[in-house]
Amino acid sequence: MNKRISALTHEEVIEAISAFLESPPDGTPAEVIEAFSSMGSKQIIPPRLFLETVRQAPVAISITDERARILYANDAFEELTGYSSDEIVGKNESVLSSQSTPAQVYQDLWQTIQKKQVWKGRLINHTKLKQEYVAELTISPVLNAHGEIAYFLGMHRDITELHRLERRLTFQKDLTETALNAVPMVIALLSSDGRVILDNYAYKALEGDFRGVEPAQVFLEALQQQIQFDLEAACRAHGKHRLFTNIELRLDPPAGTSPRWFTCSAVRLAELDEAVQHYFKKAAESPDSILLVANEVTQSRHRINEARLNMIRANMAEQQLVQTMREAISAAMFKLQVPLNVIKAALSMPRNRADSEALSEALQQALASGDEAMESLHAALPLQNLEQQTQVNINEVVHEVLRMSTEQLLAAGIVVDWRPTTVLPAVNGRVNAIRGMIKYLLDNAIQAVHEAKKELQEIRIETCSDGDDVVITIIDNGVGIPAPMMLRVFEPFFCGWEQPGKHAGMGLTMAQEVALSHGGVVELDPDFLGGCRVYARLPIHGPGDN
Ligand code: FAD
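This one's a predicted model, so the numbers in the text were calculated from it and none came from an experiment.

Undergrad: Hey, could you go over the sheet that holds strand S1 (residues 60–64) for me, with residue numbers and the actual values?
TA: Pairing within the open sheet is antiparallel, and its five strands lie in the order S2-S1-S5-S4-S3. The open sheet has two free edges, formed respectively by strand S2 (70–73) and strand S3 (119–126), since each of these has just one partner strand. Averaged over all neighbouring strand pairs, the angle between strand axes comes to 30 degrees, with direction disregarded. Where S1 and strand S5 (residues 149–158) come together, five bridges link them in antiparallel fashion. Bridge pairing links Ser 62 to Gly 154 in S5. Against the sheet, helix H1 (residues 10–22) touches S1, S2, strand S4 (132–143) and S5, its axis set at about 80 degrees to S4. Lying on the sheet, helix H6 (residues 103–114) is in contact with S3, S4 and S5; it crosses S3 at an angle near 140 degrees.

Undergrad: Which residues make up the environment of Ser 360, and what are the values?
TA: Tracing the backbone shows Ser 360 in helix H12 (residues 356–380). The exposure class of Ser 360 is buried, given its relative accessible area of 10%. For Ser 360 and Ile 343, which are 17 residues apart along the polypeptide, the C-alpha to C-alpha distance reads 9.5 Å.

Undergrad: Which residues make up the layout of surface pockets, and what values go with them?
TA: Roughly 1400 Å³ of volume is contained in the largest pocket. As for the largest pocket, its lining consists of 34 residues, and the residues nearest its centre are Arg 250, Asp 252, Pro 259, Trp 261 and Asn 393. Mapped by element, the contributors of at least two residues to the lining of the largest pocket are helix H9 (215–227), strand S8 (242–251), helix H11 (298–347) and helix H13 (394–404). Looking at the lining of the largest pocket, its residues break down into 13 nonpolar, 13 polar and eight charged.

Undergrad: So what about the site of the ligand? Which residues, and what values?
TA: Taken together, 17 residues are adjacent to the ligand, and Asn 92, Tyr 106, Trp 110, Gln 114 and Asn 125 come closest. Note that an oxygen atom of the ligand is positioned 2.8 Å from one of the side-chain N or O atoms of Tyr 106. Here a nitrogen atom of the ligand sits 3.0 Å away from a polar atom, N or O, in the side chain of Gln 114. Elements with a contribution of two residues or more to the shell around the ligand: H6, S3 and S4.

Undergrad: Before we move on, could you go through the packing of aromatic side chains and cite the residues and values that matter?
TA: With the rule as written, the count across this model stands at three aromatic pairs. A centroid spacing of 5.3 Å and a plane angle of 85 degrees characterise the contact between Phe 229 and Phe 244, whose relative ring orientation is edge-to-face. One end of the pair, Phe 229, is in the loop between H9 and helix H10 (231–236); the other, Phe 244, is in strand S8, and 15 residues separate them in sequence. The burial state of Phe 229 is the same as that of Phe 244; both residues are buried.

Undergrad: So what's going on with the pattern of salt bridges? Residues and values would help.
TA: In total, this model carries 27 salt bridges according to the counting rule given. Note that Asp 65 and Arg 69 form a salt bridge whose closest N and O atoms lie 2.8 Å from each other. When sorted by exposure, Asp 65 lands in the same class as Arg 69, which is buried. The closest approach of N and O atoms between Asp 469 and Arg 537, which form a salt bridge, is 3.0 Å. Of the two residues, Asp 469 is situated in strand S15 (residues 469–476) and Arg 537 in strand S17 (residues 532–539); the sequence distance between them amounts to 68 residues. Here Arg 537 falls in the partly exposed class, since its relative accessible area comes to 25%. Salt bridges linked by common partners bring Arg 122, Glu 136, Arg 157 and Glu 166 together as one network.

Conventions used here
- Within each chain, residues carry numbers counting from 1 in the order of the written sequence.
- Totals for whole chains, interfaces and linings use every residue, but because this is a predicted model, local features are given only for residues with pLDDT of at least 70 and side-chain atom pairs only at 80 or more, for both listing and counting.
- Side-chain metrics in this entry use all non-hydrogen atoms of the structure; hydrogen atoms and water are not considered.
- Strand pairing follows a simple DSSP-based rule, namely that at least 2 bridges must link the two strands.
- Only DSSP runs of H or I covering at least 4 residues are called helices, and only runs of E covering at least 2 are called strands; the numbering of each starts at the N terminus.
- Helix axes are fitted only over the stretch in contact, all axes being lines through C-alpha atoms; the angle between N-to-C directions runs from 0 to 180 degrees.
- The contact criterion used throughout is that any non-hydrogen atoms of two residues lie within 4.5 Å.
- Summary of the burial criterion: residues with accessible area below 20% of their type's maximum are buried, those above 50% are exposed, and those between are partly exposed, where the area comes from a 1.4 Å probe applied to protein chains only.
- Whether a set of points on the 1 Å grid over the protein atoms alone is a cavity depends on a 1.4 Å probe fitting there but being unable to get out, while an open set qualifies as a pocket with protein on both sides within 12 Å along at least five of seven lines; lining residues are those with an atom within 4 Å of a point.
- Grid points are joined across faces, edges and corners, and a volume is the space filled by probe spheres set on the points.
- For this scheme, ten residues count as nonpolar: Ala, Val, Leu, Ile, Met, Phe, Trp, Tyr, Cys and Pro. Four count as charged, namely Asp, Glu, Lys and Arg, and the remainder, Gly too, count as polar.
- Any residue with at least one heavy atom within 4 Å of a molecule or strand is counted as near it.
- Pairs of N or O atoms are called polar contacts if they sit within 3.5 Å, as long as, within protein, a hydrogen donor faces a hydrogen acceptor (for residues adjacent in sequence, only side-chain-to-side-chain pairs).
- In summary, the pairing rule links any two rings of Phe, Tyr or Trp, Trp by its six-membered ring, whose centres are within 6.5 Å, and it sorts them by plane angle into stacked for under 30 degrees, edge-to-face for over 60 and tilted for everything else.
- Each reported salt bridge corresponds to a side-chain nitrogen of Lys or Arg within 4 Å of a carboxyl oxygen of Asp or Glu.

And the structure:
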C-alpha cells in the first residue's frame, strides 16, 4: 500500500535536525555536526530562525523517510538539482541517480545506514536537466525516541570541479613520474635539510650501486669540496633560479668501488608548503628546494683517461729513449775520459830522451783526436726537453704510473698496496719529470721483489704531506740495499742487480736529479729491514717559487 508522501512541517524539520544533533550517530563527520551546530539549536535560537538557517545553508540538505523518499529539501538542494521543493518532495532520492554509479556502492550505502551508521561517499548524480555531477554525500540516520530509524538526513555537494582537479593532478603526477623515470639522468629534488623529496629510477639505481648510501649526500659532499656549495644557503638565497650548470664531479662510492663521473646541474624550485598556517606567508619567506640533475659521464671519462694515458706512455717512451741515448753517450764519454787522462798524465812527465820526442808527438796526436771525439760525443748528447712547471697532483701521477705498470706488475705477480692520502696539496713542478722519477723508483722496487723470489711479492706506495713537502714512500719486500751500498747506488752507472738486464745503473741517479731540481731529495731508509723503503720528498712550492 502506497502511503501518500507529504512534506515535513517546519516543526517536524526542526524536530528531525534537533534529534540528529542530540545524538549524532557514530561516524558522523565532524564537519556535518559543525555545520548544524553553527546553526544553533531550537533551544538557543527561535525555531523560525533555525529553520531559516537550515534552508539557507550552502550545502544541499534533504530529509527522507526510511525508504529514501524526500520529505524536505533546502534551497541549495533545489539550486544544485534543478528540482523545486514541490517537485522533489515525495520522490525517491534515486531520481538523482544518473545510473552510472555501480550497484555495489548503493548496496554498501544501504547496508551502512540500515545499521544506523553514517555513510559517506561519492555518487554520480544528474540534475533535472540530466546534467551529470559528482556528489559527495553524507547520510546520517535520525532515530526516534524508541531508537528506530525515523528519517535519513542527507547532505551533499557538487565536487565535480574537485574531481576534475584530482584527475588532472593524478594525470600530471603520472606524466611527471613517467617522464622522470624514462630519462637516463639521475634526478633528485632536495629540501633545504638534504631530504630527498622526489627521485627517479636512475637515482634509485645509483642508490643500489652505492649500497644503500644516499647518493644525494655523496653529490652534496663532492659539490661542497669542488665549488663550496652549501645546500641550506642556496635554498634560502632567493633570486637566481639556475644555481650551476654542468659541473663535472668525481664521486667515490663507498666500499671501494671504482670512481664515477657526473656532470651536475641544479635549479631552485619553490618548496611545496601545504601548512594552513602558512596561507598568508609570502613565498620568499619559506626555503626553496633544489632540483639536482646529474648525467653520468664515466664511460667518456674512461675513454679520455685512456687516451691521456696513451699520450703519457708515448711521452715517457720518448723520454726514456732520449735518456738511454744520453746514458750511452755519457758512458762512452766517461770511458773515453780514462785513457785521455792517462795520456795527459804521460805527457806531463819529464822528457829527457830524444826518442821520447816521437812518443810525445804521438801522444799529443792521440790526445787531440781524443778531445775531438769527446767534443763530438758531447755535441751528440740529445737535449733534454725543457718542461714548464705546473700544479702537479702527486696522487694522480702515482696512479697513472701504476696504471702504466699494471701489466708488468701482474706478470710478476706483485701485490700493490696503494695508500694515497685523500687531501694532498699540489706540488709546483714538472709533471713529466716527476712521473719519470716515480717510474724509476717503482721499476727498482719491481726488480728488487723479482730478485728476492719470495712467495708473497709486495710493494706498498703511500703519499702524505709533511710540512711544506709532499712525500712519496715506496716500500718493497725485495732484496734490500746493504748499508755500505746506500750511497753508491746513487752514483751514475752503478748497478747492483743480480740480473742487470736493461738497467744501466742510472735510475736512482736520474730520480735524485729530478728530486734535487725540484728542491727535494730521494732518500733510502737505512733502518728498514726485509726490503727497501725509499722516500721521494718534493716541496709543494717547487724550485724558485716563493
Ligand atoms: P534502487 O532499486 O533504488 O536500489 C539499488 C540497490 O540499493 C538495491 O539493490 C538495494 O541493494 C539498495 N536499496 C535501495 N533501496 C533500499 C532500501 N529501502 N532498503 C535496503 N536497500 C535498498 N542516490 C543517488 O543516486 N543520489 C543521491 O543523491 C542519493 N541521495 C540519497 C540520500 C538519502 C538520505 C538516502 C537515504 C538515499 C540516497 N540515495 C541517493 C540512494 C537512493 O535512494 C537509491 O538507493 C539509489 O539512487 C539507487 O537507486 P536505483 O533506482 O538505481 O536502485
